[in-house]
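Each chain, letter by letter, is given below.
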Amino acid sequence: MFDQLFDAALLESVVRAMVPILLAALGGMICERAGVFQIAMEGMMLAGAFAAMAGSYLAVSSGLGIVFGVTAGVLISLMLAFGTVSRQGDPIVLGIALNLMALGLTGFLLPQIFGVRGTFRHERIDGLDRLPIPGLSEIPWIGSVLFDQTILGYLAFLLVPAIWLLLFRTPAGLRLRGVGERPLAAESLGVSPTAYKYGAVIASGVLSGLAGTQLALGNLVLFAEGMSAGRGWVAVVAVMLGRAHPFAVFGASLLFAFAEGLGFRLQGNGLPVQITDALPFLVTLIALIAARKRFARLLDLTTGG
Amino acid sequence: MTRPLKILVLVLALALVGAACGDSEDEAPATTAAPATTAAPATTAASATTAAPTTTMAPEDPVSLIYVSPNPLGVNNFLILGEVGTQRVAERRGGTWKTFESVDDSTRRANIEAAIDEAPDVIVLTTFTLVEMADEYSKANPDQKFIIIDACPEEPAPNLHCGVFREHEGAFLLGVMAGHLSEAKQIGSVVALDIPFFKRWWQSFAEGAQSVDPDIENSVVFIAGDNPFSDPARAKELALSLAAQGPDHIFAVGAGSNGGIFEAAAEAGFLSYGVDVNECPSAPGYIIDNNLKVVDAVVEQLLDQVLDGTAGPVVSFGLSEGGTGVMALQPGLADSQCVIADHPDIVEEVRAVAEGIIDGSIVVNDPLFG
């Protein structure tokens, strides 16, 4: 039975499930570091997926799909930034409102523009090509898992160390974290919290837009109403579980994707769906309990220091 | 940022106004012309059949029907067929019909209320989306007759008649195809939710295949998650993972998630089956056939029964009534883009099984009731 559980196909499936979650979670993490509680990734991802599909359909070009997807994510992020940063609104209320808006708006525009409800598939929609890296992609196991991604898949992997460098090894990253942790201190040093928070929220709009693009043009080549299906919320939890640290957020995203992929396999092996469906939540609980000690130590450091 | 927003608001407003106007005015002039020519013969025929048992309907009134769709008809075959059935009854009986298209809950309510104001003989509603409103409005308006297709409230009012499908009969026929065509002798289903109702699809599919070859193995996986009816990404991964374990024929029972399953079929090279309408054109070469709901036939028959006063509270439609079926039995098979069209020998087998189900020599169990 277990020889059917683990193979390269499972890991490929895990990576496909992880990429959209990771992209959105990295954006949420930057916001978290800048002191903006970001829960609008679900809506941004869905809007990004719709716009990416629309752009790709209209221009028959996946490149334009990416541009459209990012634009949609940025538009929603601007609303969020204006509401929470400029107007000091409640980010939770606003985030939920934006998520509902994205769901309603894409559900409305789909029949208005494309004349269908539910799902839109068309041969004009140009999907993102997989770009296998010659040589590397032929390595057994790892090759097909890591080196046969879409451009956004590679980007997601590269962004993890890149954002780590940006946050912890550059002056801009230091200021961004300063704005999040001690806004008054940052301001007294001449750092504008507003500018950094806007920047962080817009960055998360870009990344969530890319997450939606990967979902609609990479994982699939179609748009379905509500197709983000909770992935933005998983990203929110990944940010929390990873304590807004790039490598830990990557680990959390991988964990959720792995739990989901493994759940599919276990279902195929006869385990009831009610149990496999609970697997990601179970994994979260176990991870939280296992990581509790480290959290406690971190909390001691921050409050005691 | 303000200009795109303004344009967006403008588009929204225009679309809503357009929808509201279109609903009430579009059809009226075209259809009122019809009864003028046919009213005389139609009413005599109607009075001959209905005057004796009931006196409630004025015999000189031609039939009037209003179809309220839960969503825009667009290219949604299911909803378009609802209109086709309504139109056919109105034209055959010499009467008028209108279609009110809705987009959301508020327009659905407004449309149903507008329909009630016009007091047609029957208001036609379709799908689960409208079932609660059908229940509510039929109880509030006991003199107005309603029918609802493909859903039914728990205790329908006497003036509401439900038309439901015997989906297991079509699924059984798909299973027969899979039984003949599967080379791996392993079949499977990707199903939205693990609830008893969906056994009418996956369990009957398996029974159909095993009626051909009892050794065929069946497996079923469920999409579940946050959005089981519209999560094609999840459905695709599930289908790929199921296909990796052997099944070469996989039944897609995921409504809006089906697109992902068909993409998986093209990638992993298995063959699939769709639901409700002909989904073959969305992945030509990878979909063998579909478990059809022939909505127009059901609307037409149920309307006739209601107008003649013979309808029960819940009427079920299967192969013998032409209410469910598969493309292999339909006249449009050649242009359907379904794989089954390339297998005339199996089409013959399926026809024979369908005839057996209709004449009762083959009994398909209803998984919902034992």
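Residues numbered from 1 in each chain as written. Chains lettered and ligands numbered in written order. Predicted model: local features only at pLDDT ≥ 70, side-chain atom pairs only at ≥ 80, totals over all residues.

Quick word on the domain arrangement of chain B
So, point 1. When its domains are assigned, chain B resolves into domain 1 (57-165) and domain 2 (167-292 + 322-369).
So, point 2. Look at where the C-alpha atoms of domain 1 of chain B and domain 2 of chain B centre, and you get two points 30 Å apart. (Domains from an automatic or database assignment.)

A short note on the interface of chain B and chain A
So, point 1. If you look at the interface, chain B gives 33 residues, while chain A gives 32 residues.
So, point 2. Every element with two or more residues in the side of chain B that touches chain A is listed here: strand S7 (217-222), helix H8 (232-243) and helix H9 (258-268) of chain B.
So, point 3. Sort the elements by how many residues they give to the side of chain B that touches chain A and H8 of chain B lands first, with 9 residues.
So, point 4. Split by residue class, the side of chain B that touches chain A holds 13 nonpolar, 13 polar and 7 charged. (Contact = placed C-beta atoms within 7 Å. Helix = DSSP H or I, 4+ residues; strand = E, 2+ residues; numbered from the N terminus. Nonpolar A, V, L, I, M, F, W, Y, C, P; charged D, E, K, R; others polar.)

Some remarks on unusual backbone geometry
Among all residues save glycine, negative phi is the norm, and among peptide bonds the norm is trans.
So, point 1. With a phi angle near 55 degrees, Gln 88 of chain A is a residue other than glycine that sits in the positive phi range.
So, point 2. For Gln 88 of chain A, the position within the fold is in the loop between helix H3 (62-86) and helix H4 (91-114).
So, point 3. For Gln 88 of chain A, a count of 8 C-beta atoms within 10 Å corresponds to the exposed category.
So, point 4. Positioned with a positive phi, Asp 150 of chain B is a non-glycine residue whose angle comes to about 70 degrees. (Buried ≥ 20, exposed ≤ 12 C-beta atoms within 10 Å, placed from the backbone.)

Points about the packing of H8 of chain B against H9 of chain B
Residues and elements named next belong to chain B.
So, point 1. Closest axis-to-axis distance for the H8/H9 pair is 7 Å, and the angle between their directions is 40 degrees. It follows from the interaxial angle that H8 and H9 lie oblique. With respect to the hand of their crossing, H8 and H9 are arranged in right-handed fashion. Side by side, H8 and H9 meet where Pro 232, Ala 233, Ala 235, Lys 236, Ala 239, Leu 240 and Ala 243 of the first sit next to Gly 259, Gly 260, Ile 261, Glu 263, Ala 264 and Ala 268 of the second.
So, point 2. For the contact of H8 with H9, the per-class residue count stands at 9 nonpolar, 2 polar and 2 charged. (Axes fitted to C-alpha atoms, helices over the stretch in contact; angles between N-to-C directions. Parallel < 35°, antiparallel > 145°, perpendicular 65-115°, else oblique. Left-handed = near helix turned anticlockwise from the far one by under 90°.)

Focus on the sheet that holds strand S2 (residues 96-101) of chain B
All names here are of chain B.
So, point 1. Spatially, S2-S1-S3-S4-S5-S11 is the arrangement adopted by the 6 strands of the open sheet, whose pairing is parallel. Because the sheet does not close on itself, it has two edges, and the strands there are S2 and strand S11 (314-317). Going from strand to strand, the sheet's axes swing by 20 degrees on average, the running direction of each strand aside.
So, point 2. Bridging between strand S4 (residues 145-149) and strand S5 (residues 160-165) involves 4 bridges; their strand directions are parallel. The partner of Ile 149 across the bridge, within S5, is Gly 163.
So, point 3. Of the strands in this sheet, strand S1 (64-69), strand S3 (122-126), S4, S5 and S11 are in contact with helix H10 (residues 295-307), which crosses S4 at around 155 degrees. (Pairing = 2+ DSSP bridges.)

Things to note about the pairing of S2 of chain B
All names here are of chain B.
So, point 1. Most of S2 is tucked away, with 6 of its 6 residues classed as buried.
So, point 2. Of the two faces of S2, the one carrying Thr 96, Lys 98 and Phe 100 and the one carrying Trp 97, Thr 99 and Glu 101 are both buried.
So, point 3. Sheet topology places S1 next to S2; 6 bridges connect them, and they run parallel. What sits directly across from Ser 69, in S2, is Glu 101.

A few points about the pairing of S11 of chain B
One face of the sheet, then the other: side chains in a regular strand alternate in exactly this way.
Residue and element names in this part refer to chain B.
So, point 1. Only one face of S11 is buried, namely the one carrying Val 315 and Phe 317, since none of Val 314 and Ser 316 on the opposite face is buried.
So, point 2. Sheet topology note: the S5/S11 ladder contains 4 bridges and is parallel. Looking at the pairing, Val 164 lines up with Ser 316 of S11.

Section: helix H7 (residues 171-181) of chain A
So, point 1. Turning to H7 of chain A, its buried residues number three or more, namely Leu 176, Gly 178, Val 179 and Gly 180 of chain A.
So, point 2. Where the residues of H7 of chain A are buried, they touch helix H1 (8-33), helix H6 (151-169), helix H8 (183-188) and helix H9 (193-219) of chain A.

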